[in-house]
Amino acid sequence: MSVTTPASLDQLRVDIVGSFLRPATLKRAAADFAAGAGDAAALHRLEDAAIAALIAQEEPHGLPIVSDGEFRRRQFMESFAEVAGMEPWYAALRRSAAVKAPVAGAQPAVLEQEHGNEVRAPVTRRLELLRSAPLEEYRFAAGVATRPVTVTLIGPDRIGQRYAYEQSLDVYPGGLDEFLGDVVRVEREIVAGIGAAGCRYVHVDGPGYTAYVDNDTLAAMRARGEDPARNLERSIAADNAVVRGFPGITFGIHLCRGNSRSQWHRRGSYEAIAETLFGSLEHQRFLLEYDDERSGGFEPLRFVPKGKIVVLGLITTKRGALESSDELLRRIDAAAKYVPLDQLALSPQCGFASGLAGNQLSEDEQWRKIDLLMETARRVWGEV
């Protein structure tokens, strides 16, 4: 059994964002099943075997927490998929999750219109949790792991940005505020379930927050008649409402500018939102993307309150070239000018496979990056 305590999870010096590259056999089977071929029970057995094998690799590499790699999901937002009323949203999600042609290197996303109305969907009824897939994912992973298992959930901000509130007024006449109230209720039901099952670290994916630093996305909000400042305020309140009142669980929140198939959607420094975001979010850990110039400098970290941990996502998951440990040390030192070293930690910049296809690197390159993560953290903080 692990000696890691709930309190020590707040202070982890290394972290992972959640997803790992799926084995080729699992990708093929999942794609076939999505296309209407294959057997659900056979796919489930294949997922079980792949997750057990993944965790059997994670633990010897020294990771203090482990993930099921999101191997049961076709796309990272599927934690909120089995919710009544969200059928149009989930249908759009399935289309975007399909395995598409490889993309040559990290580049702007070209395979979907991130800012267009076609990626927003209405609801068909008031939300109700039908099945907690994250609970089932956690139970299996915890049953084969000897270390704490982290579960990833999509945050309410992203769900709200993909919600066509103007087409859903017959269901939610109160608009986005009323809808997000039900999103929070459903998410708290999921968190309560996995917490009761023993989960002590929940990682919230919050890619919607970088919308507030990207000029194109801000322009799209304003074109729909929305006030970005009000949207940000609403989203922070919703995220806090999800995590409040679960004292035995550590919550981390990951801010991302896009990662699917080694692509990206947004650019912009955290500066524009740092004081509001870092000063208001109640999560114990902020997992921040910092693998290239799109994220700007470390100056915004001056707004991080005492007691919070900033997890620097310095190791890219978008390409296989291995970073230098010495360069990572220099960047950690640069960040420590704005937030004390004992409030810093290290992670990959994002997951290795936000969707079924995965990013453009090999499994061997993935594990070398995990080894680099552990080596560098030990050089900075000693035992991790």
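Everything discussed here concerns the structure shown above.
Residues numbered from 1 in each chain as written. Predicted model: local features only at pLDDT ≥ 70, side-chain atom pairs only at ≥ 80, totals over all residues. Heavy atoms only, no water.

A. Molecular detail of helix H12 (residues 363-381). Its 19 residues place the ends of H12 27 Å apart at the C-alpha level, agreeing with the 27 Å of an ideal helix rising 1.5 Å per residue. Considered for burial, the residues of H12 that qualify are Gln-366, Trp-367, Lys-369, Ile-370, Leu-372, Leu-373, Met-374, Thr-376, Ala-377 and Trp-381. Residues of H12 that are buried make contact with helix H3 (40-58), strand S9 (309-315), helix H11 (325-335) and strand S10 (344-348). Count one or two residues on from H12 and you reach Gly-382, which has phi positive near 80°. (Helix = DSSP H or I, 4+ residues; strand = E, 2+ residues; numbered from the N terminus. Expected span 1.5 Å × (residues − 1). Buried < 20%, exposed > 50% of the residue type's maximum accessible area, 1.4 Å probe, protein only. Contact = heavy atoms within 4.5 Å.)

B. Spotlight on the state of the cysteines. In total, this model carries zero disulfides according to the counting rule given. Just so you know, Cys-350 is unpaired, no disulfide at all, and the nearest cysteine sulfur is the one on Cys-256, 3.7 Å from it. (Disulfide = S-S within 2.5 Å.)

C. Representation of the nonpolar core. Of all hydrophobic cores here, the largest spans 109 residues; its most connected members are Phe-80, Leu-127, Phe-179, Leu-301 and Leu-312. It is helix H7 (residues 175-196) that provides the largest number of residues to this core, a total of nine residues. Apart from residues no more than four positions distant in its own chain, Leu-312 is found in contact with Leu-288, Tyr-290, Phe-298, Leu-301, Ile-332, Ala-335, Leu-344, Ala-345, Leu-346 and Ser-347. (Core = buried A, V, L, I, M, F, W, Y, C linked by side-chain atoms within 4.5 Å.)

D. Molecular detail of the pairing of strand S8 (residues 285-289). For S8, the tally of buried residues reaches five of five residues, placing the bulk of the element in the interior. Relative to S8, strand S6 (residues 250-255) is paired through four bridges, and the arrangement is parallel. By the bridge assignment, His-254 is partnered in S8 with Leu-287. In this structure, S8 lies alongside S9, joined through five bridges in parallel fashion. Note that in S9 the partner of Arg-285 across the bridge is Ile-309. (Pairing = 2+ DSSP bridges.)

E. The packing of aromatic side chains, seen in detail. Under the criterion given, the structure shown has 10 aromatic pairs. With a centroid separation of 3.6 Å and an interplanar angle of 15°, the aromatic rings of Tyr-163 and Phe-179 are classed as stacked. Here Tyr-163, found in the loop between helix H6 (156-161) and H7, pairs with Phe-179, found in helix H7; they are 16 residues apart in sequence, far enough to count as distant. On the basis of relative accessibility, which here comes to 2%, the residue Tyr-163 falls in the buried class. Judged by its relative accessible area of 0%, Phe-179 is buried. Judged by centre distance (4.7 Å) and plane angle (55°), the rings of Tyr-290 and Phe-298 are tilted. Each member of the pair, Tyr-290 as well as Phe-298, carries the same accessibility label: buried. An aromatic cluster of at least three residues, connected via ring pairs, comprises Phe-20, Phe-352 and Trp-367. (Phe/Tyr/Trp six-rings, centres within 6.5 Å; stacked < 30°, edge-to-face > 60°.)

F. Structural detail: the packing of H7 against helix H9 (residues 228-243). Contact geometry of H7 with H9 gives a least axis separation of 8 Å together with a crossing angle of 25°. In terms of their interaxial angle, H7 and H9 are classed as roughly parallel. Our pair here, H7 against H9, has a crossing hand that is right-handed. Contact residues: H7 offers Leu-176, Asp-177, Leu-180, Val-184, Glu-187, Arg-188 and Val-191, while H9 offers Arg-230, Asn-231, Arg-234, Ala-238, Ala-241, Val-242 and Val-243. Residue composition of the contact of H7 with H9, by class: eight nonpolar, one polar and five charged. (Axes fitted to C-alpha atoms, helices over the stretch in contact; angles between N-to-C directions. Parallel < 35°, antiparallel > 145°, perpendicular 65-115°, else oblique. Left-handed = near helix turned anticlockwise from the far one by under 90°. Nonpolar A, V, L, I, M, F, W, Y, C, P; charged D, E, K, R; others polar.)

G. The arrangement of the layout of surface pockets in detail. Space inside the largest pocket adds up to approximately 560 Å³. If you trace the largest pocket, you find 21 residues lining it, with Glu-47, Arg-72, Glu-78, Glu-82 and Arg-131 closest to the centre. Elements represented by at least two residues in the lining of the largest pocket include exactly helix H2 (24-34), H3, helix H4 (87-97) and helix H5 (133-144). Considering every element that reaches the lining of the largest pocket, the biggest residue donor is H3, with four residues. In terms of residue class, the lining of the largest pocket is made up of nine nonpolar, two polar and 10 charged. (1 Å grid on protein atoms, 1.4 Å probe; cavity = no way out; pocket = protein on both sides within 12 Å on 5 of 7 lines; lining within 4 Å. Points joined across faces, edges and corners; volume = space filled by probe spheres on them.)

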